Amino acid sequence: MFNKTVVGLALSSALFVAAPAFAGDWTETVGLCAAAAEAEGAVAADEYRAKFLYGSGASTKKVAIEMTANDGNVVKAECKIRRGKVTSIDIKA
């Protein structure tokens, strides 16, 4: 019984430690998508907040973000990212 408890605690600890690394990966992906939207002229530099909406994928990631400008305008973007580069972007104002 004691061994099962120790193994359970070790596995849950490993999962807990792995979660922040995965979250950091999406943070980088959101930054890439926001930079691509900025390059397309959808938002002005340093005048918006980017918010993660959803993401999926492994080698090619698909991420959706919402960018809120300082004046309240909202722009949504959906990006496909492969190997650290944005391969396509769809911007919805």
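All values reported here derive from a predicted model rather than from experimental measurement. (Residues numbered from 1 in each chain as written. Predicted model: local features only at pLDDT ≥ 70, side-chain atom pairs only at ≥ 80, totals over all residues. Heavy atoms only, no water.)

**Some words on the nonpolar core**
One recurring pattern in soluble globular proteins: nonpolar side chains tend to sit buried together. Basically, it comes down to this: Residues belong to one nonpolar core when they are buried, are Ala, Val, Leu, Ile, Met, Phe, Trp, Tyr or Cys, and are joined through side-chain atoms within 4.5 Å. Accessibility here uses a 1.4 Å probe with only protein chains present; expressed as a share of the type maximum, an area under 20% marks a residue as buried, one over 50% as exposed, and anything in between as partly exposed. Strands are runs of DSSP state E lasting at least two residues, helices are runs of H or I lasting at least four, and both sets are numbered from the N terminus onward. Note on contacts: a residue pair is in contact if any heavy atoms of the two residues lie within 4.5 Å.
Judged by nonpolar contacts, the single largest core of 14 residues is most densely connected at Cys33, Val63, Ile65 and Met67. Of all the elements in the fold, those that place two or more residues in this core are helix 1 (2–39), strand 2 (60–69) and strand 3 (74–82). The element best represented in this core is helix 1, accounting for five residues. Not counting residues within four places of it along the chain, the set of residues in contact with cysteine 33 comprises Val63, Ile65, Ala77, Glu78, Cys79, Ile81, Val86 and Ile89.

**Re the pairing of strand 4 (residues 85–92)**
The criterion, for reference: Any two strands with at least two DSSP bridges between them are considered paired.
Pairing between strand 3 and strand 4: seven bridges, direction antiparallel. Paired with glutamate 78 across the bridge in strand 4 is aspartate 90. With antiparallel pairing between neighbouring strands as the criterion, strand 3 and strand 4 make up a hairpin whose turn holds two residues, including arginine 83 at a positive phi of roughly 55 degrees.

**Observations regarding the environment of alanine 36**
Locating alanine 36 in the fold gives a position in helix 1. We classify alanine 36 as buried; its relative accessible area is 15%. Linking alanine 36 and serine 88, residues 52 residues apart in sequence, is a C-alpha distance of 9.1 Å.

**A few points about the packing of aromatic side chains**
The condition is simple: Aromatic rings from Phe, Tyr and Trp, with only the six-membered ring used for Trp, were paired whenever their centres fell within 6.5 Å, and each pair was classed as stacked if the ring planes differed by under 30 degrees, edge-to-face if by over 60, and tilted otherwise. Here, a charge over a ring means that NZ of Lys or CZ of Arg falls within 6 Å of the ring centre while also lying within 35 degrees of the ring normal.
For the structure shown, the criterion picks out one aromatic pair. When the centroid spacing of 5.5 Å and the interplanar angle of 50 degrees are considered together, the rings of tryptophan 26 and phenylalanine 52 count as tilted. One end of the pair, tryptophan 26, is in helix 1; the other, phenylalanine 52, is in strand 1 (residues 48–56), and 26 residues separate them in sequence. Looking at tryptophan 26, the relative accessible area reads 10%, which means it is buried. Taking NZ or CZ as reference, lysine 61 lies 5.3 Å from the ring centre of tryptophan 26, over its face.

Coordinates in, geometry out; function isn't part of it.
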